[in-house]
Amino acid sequence: MSVRDYIEKVLSQTAKNSPGQKEFYQATEEVLHSLKPLLERDDRYDKYNILERIVVPERIIIFRVNWVDDSGKIQTNIGYRVQFNSAIGPYKGGLRFHPSVNLGIIKFLGFEQIFKNSLTGLNIGGGKGGSNFDPKGKSENEVMRFCQAFMIELSRHIGERRDVPAGDIGVGGRELGYMFGQYKKLTGKFEGILTGKGVNWGGSLGRKEATGFGSVYFAEHALNKYGDTLKGKTCAVSGSGNVAIYTIQKLYDMDALPVTCSDSDGTIYHKEGIDLELLKGIKEIGRKRLSEYIKLRPDAKYIPASKYPKDGHACWHVKCDCAFPSATQNELTLIDAKALAKNGCKLVNEGANMPTTPDAYKYLKEHKVIFGPAKAANAGGVATSQLEMSQNASMANWSFAEVDAKLHKIMKNIFDTSYETAKEYGCDGDLLAGANIAGFKKVADSMIDQGSV
Ligand code: NDP
Ligand code: 2IT
């Protein structure tokens, strides 16, 4: 069977076995297609059925989460943990709380996480979890009761050498704190079973900033490769959560000018530069909507989501040199890619997971826009989670500067590995292919070494 036929066979099996899981199918299609040059050189992956095996999670846990709301009514949500691949280390990956969460979303995120974690060069396997619980509009006590109820079941499946969850959309320091407290209460053990913990109780300095900072480090390395730098660049950023905020902060450190941010209700366009302290005040402290921003900064523009271009996102229609999609999947579409290329955008760097649609990616590639793929560009978060695990295991506390220096080095290695692998496999400059091939190879070779487990 030709390599093309082998890939298509596995993809059609995947579509058949995962009906309706369109995000998961999108992720497998992207990864498997990009592996063609590797499979053409090495027939072991076909011989050992690696593609068939790698697209199926080792374990899927789905559970009911009952919790009591402030009115005394029992509410029910669905909880998930997908333990996707443990060939190179314990399962590692975030938890997402968002009403859109379903099994297909968690599987896509878990699948991506396998290769992302491998690319960091650290020994962490891939997993992901979450719930369709919506923290928005809930009281502190409701969020706490939900997190506690969620951990009652999750606690049976995690462990510092088994599976170590962290944050993702809708899960940050507050939620991780409630979950950690509940784990301790249930088991009587103070263990590093989560990352992104508070720095007073086992967390690592620098983890909160790591995904955004890492994304900007990756972008700088990519631009440097082409003789350019972020200095003086106008940057569009989407989202206004953990990844977006620390992307904006690091862009300022690099003397770039971030001019946009967004939430699901609308986009802020601030030509003079996003007011970072105001943004943190609204989002991190106030947990409010971004529309608050223009009340204090009337010189900025607020574009409600209802006024976005059809199928597009307002962030990508302002003039910018670099774009940092940092909100959610499929938020940068073909119409957005066309607007970015037309406005002279040089780089798209994915802070979010799979934010660029396949047709948008194809268009950007054809128009020679440098592309930092998610599993490389946003790997700084999970890499720093592993640094937190390392500190927990040795009962050490590293300084912010120490962690940041390690993160910087890891991001450079990830960039170099993606770039060099693309070159080695005849797809020069294609960082997406390079990242997928390098991430896959280490995991697949380990699966072969470990036999039919
Ligand atoms: P947060 O919950 O902190 O922020 C998410 C942001 O994205 C919010 O501004 C939110 O707006 C917006 N958003 C979420 N879903 C949607 C949607 N369906 N439509 C429009 N806007 C949306 O999450 P993070 O910043 O942690 O995560 C952002 C992205 O980065 C995700 O793709 C995540 O998987 C990825 N990522 C996160 C890492 C981490 O360490 N946290 C590591 C690597 C990747 P609103 O408040 O209105 O919902
Ligand atoms: O998508 C991701 O890499 C994350 N949400 C972070 C995972 C982690 O374990 O730190």
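The sections below set out a description of the structure shown in this document. Source: prediction; values computed, not measured.

Here we come to the packing of helix α6 (residues 103–119) against helix α18 (residues 431–449). The interhelical angle for the contact between α6 and α18, taken along N-to-C directions, is 85°, at an axis separation of 8 Å. Here α18 runs roughly perpendicular to α6, going by the angle between their axes. Counting all contacts with α6, which are made through Ile 114, Phe 115, Ser 118 and Leu 119, the residues of α18 involved are Ala 435, Ala 438, Gly 439, Phe 440, Lys 442 and Val 443. Considering only residue class, the contact of α6 with α18 consists of seven nonpolar, two polar and one charged.

Applying the stated rule across the entire model yields zero disulfides. With no disulfide partner, Cys 235 has as its closest neighbouring cysteine sulfur the one in Cys 322, 4.5 Å distant.

Attention shifts here to the pattern of salt bridges. Following the criterion strictly, the structure yields 28 salt bridges and no others. A salt bridge links Arg 44 to Asp 42; the shortest N-O distance between them is 3.0 Å. Residue Arg 44 is classed as partly exposed on the basis of its relative accessible area of 29%. By sharing partners, the salt bridges in this structure join Asp 42, Arg 44, Lys 441 and Asp 445 into a single network.

Counting 53 residues, the largest nonpolar core has Phe 218, Leu 230, Leu 251, Phe 324, Leu 347 and Ile 414 as the members making the most contacts within it. Tallying contributions element by element places helix α9 (residues 207–225) first for this core, with eight residues. Once residues lying within four places of it in the same chain are set aside, the contact partners of Phe 218 are Asn 349, Gly 372, Pro 373, Ala 376, Ala 377, Met 411, Ile 414, Phe 415 and Leu 431. Ranked by size, the runner-up nonpolar core spans 41 residues in total, among them Ile 7, Ala 27, Val 82 and Leu 103.

The next subject is the site of ligand 1. Taken together, 25 residues lie near ligand 1, and Asp 168, Thr 211, Ser 264, Arg 289 and Asn 353 sit nearest. One nitrogen or oxygen atom from the side chain of Asp 168 is found 2.7 Å from an oxygen atom belonging to ligand 1. Here an oxygen atom of ligand 1 and a side-chain polar atom of Ser 264 are 2.4 Å apart. Residue assignment for the shell around ligand 1 shows that the elements contributing at least two residues are α9, α10 (242–253) and β8 (260–263). Grouping the amino acids of the shell around ligand 1 by side-chain chemistry returns four nonpolar, 14 polar and seven charged.

Near ligand 2 there are 14 residues, and of these Lys 92, Gln 113, Lys 116, Asp 168 and Ser 385 occur at the shortest range. Lys 128 is positioned such that a nitrogen or oxygen atom in its side chain is 3.0 Å from an oxygen atom of ligand 2. A distance of 3.0 Å separates a nitrogen atom of ligand 2 from a polar backbone atom of Gly 167. Bound to the protein, ligand 2 loses 94% of the 300 Å² it would expose on its own. Looking at the shell around ligand 2, the elements with two or more residues in it are β3 (91–97), α6 and α16 (380–394). Partitioning the shell around ligand 2 into residue classes produces two nonpolar, seven polar and five charged.

The rules behind the values
- Residues numbered from 1 in each chain as written.
- Chains lettered and ligands numbered in written order.
- Predicted model: local features only at pLDDT ≥ 70, side-chain atom pairs only at ≥ 80, totals over all residues.
- Heavy atoms only, no water.
- Axes fitted to C-alpha atoms, helices over the stretch in contact; angles between N-to-C directions.
- Helix = DSSP H or I, 4+ residues; strand = E, 2+ residues; numbered from the N terminus.
- Parallel < 35°, antiparallel > 145°, perpendicular 65-115°, else oblique.
- Contact = heavy atoms within 4.5 Å.
- Nonpolar A, V, L, I, M, F, W, Y, C, P; charged D, E, K, R; others polar.
- Disulfide = S-S within 2.5 Å.
- Salt bridge = Lys/Arg side-chain N within 4 Å of Asp/Glu carboxyl O.
- Buried < 20%, exposed > 50% of the residue type's maximum accessible area, 1.4 Å probe, protein only.
- Core = buried A, V, L, I, M, F, W, Y, C linked by side-chain atoms within 4.5 Å.
- Near = heavy atom within 4 Å.
- Polar contact = N/O pair within 3.5 Å; in protein donor to acceptor, adjacent residues only side chain to side chain.
- Areas by Shrake-Rupley, 256 points an atom, 1.4 Å probe, with all protein chains shown as cover.

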